[in-house]
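Understanding the architecture of this molecule
So the chains spell out like this:
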Amino acid sequence: MALSMDKLMGIQQHTLGVRTQRAELIANNIANADTPGYKAKGLDFQQALQQAQRGMENHKMARTHEKHFSVEIKPQGTEKFRTPSQPDTGDGNTVDVQLEQNLYAQNALEYEMTMNFLDGRISGVKKALGGQGR
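Cut-offs applied
- Every chain is numbered on its own, with residues counted from 1 as its sequence reads.
- In view of the model being predicted, local features appear only for residues whose pLDDT reaches at least 70, and side-chain atom pairs are presented and counted only at 80 or more, with totals across whole chains, interfaces and linings using the full set of residues.
- Only hydrogens and water are set aside; all other atoms, that is, all heavy atoms of the structure, feed into the side-chain values.
- UniProt positions are given in the numbering used here, feature names are shortened, and annotations may be inferred rather than shown by experiment.
- Relative accessibility under 20% of the residue-type maximum defines a buried residue, over 50% an exposed one, and the middle range a partly exposed one, all with a 1.4 Å probe and only protein chains included.
- The numbering of helices and of strands both runs from the N terminus, where a helix is a DSSP run of H or I of at least 4 residues and a strand a run of E of at least 2.
- Think of the arc as the fan of directions from the helix axis to the C-beta atoms.
- By definition in these notes, contact holds between two residues if any of their heavy atoms fall within 4.5 Å.

An unreviewed UniProt entry lists the protein chain under the name Flagellar basal body rod protein FlgB, with Idiomarina ramblicola given as the organism. In its Subunit (unreviewed entry) section, the UniProt record describing the protein chain reads: "The basal body constitutes a major portion of the flagellar organelle and consists of a number of rings mounted on a central rod." One UniProt comment on the protein chain, placed under Function (unreviewed entry), says "Structural component of flagellum, the bacterial motility apparatus. Part of the rod structure of flagellar basal body."

So this is what it looks like as structure tokens:
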């Protein structure tokens, strides 16, 4: 009987990728907190997860020559500008650093939770296959 990775990992494999994408967005917001005119971005988690499940997660185009550029195609419509939660400071920047740091910490905990879940799944399969002593 063949073991399907999709059945083994379930939705968690897609969740991990979306959480990684969310972490990159939040880190980018924090890095641009002092950039005039920068607009903070967020991620529509549910929409990104649905796209990932349909097989539309980040893909890299194949490079056929070493001088070709590496290109990534990101899912459309998942990145959205965040509604500012603080008054404009005059430079047009909408990043609230405290909010972004809190979101980053929350995302990191959720990422770790997903990793622990996947680790448990893999450990269970190893035990079932008789590899618990290895």
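By the burial criterion, the buried members of helix α3 (residues 45-53) are F45, A48, L49, Q51 and A52. Looking down the long axis of α3, one finds its buried residues gathered within 160 degrees of arc, a one-sided arrangement. Those residues of α3 that are buried are in contact with α2 (12-31) and β1 (41-43).

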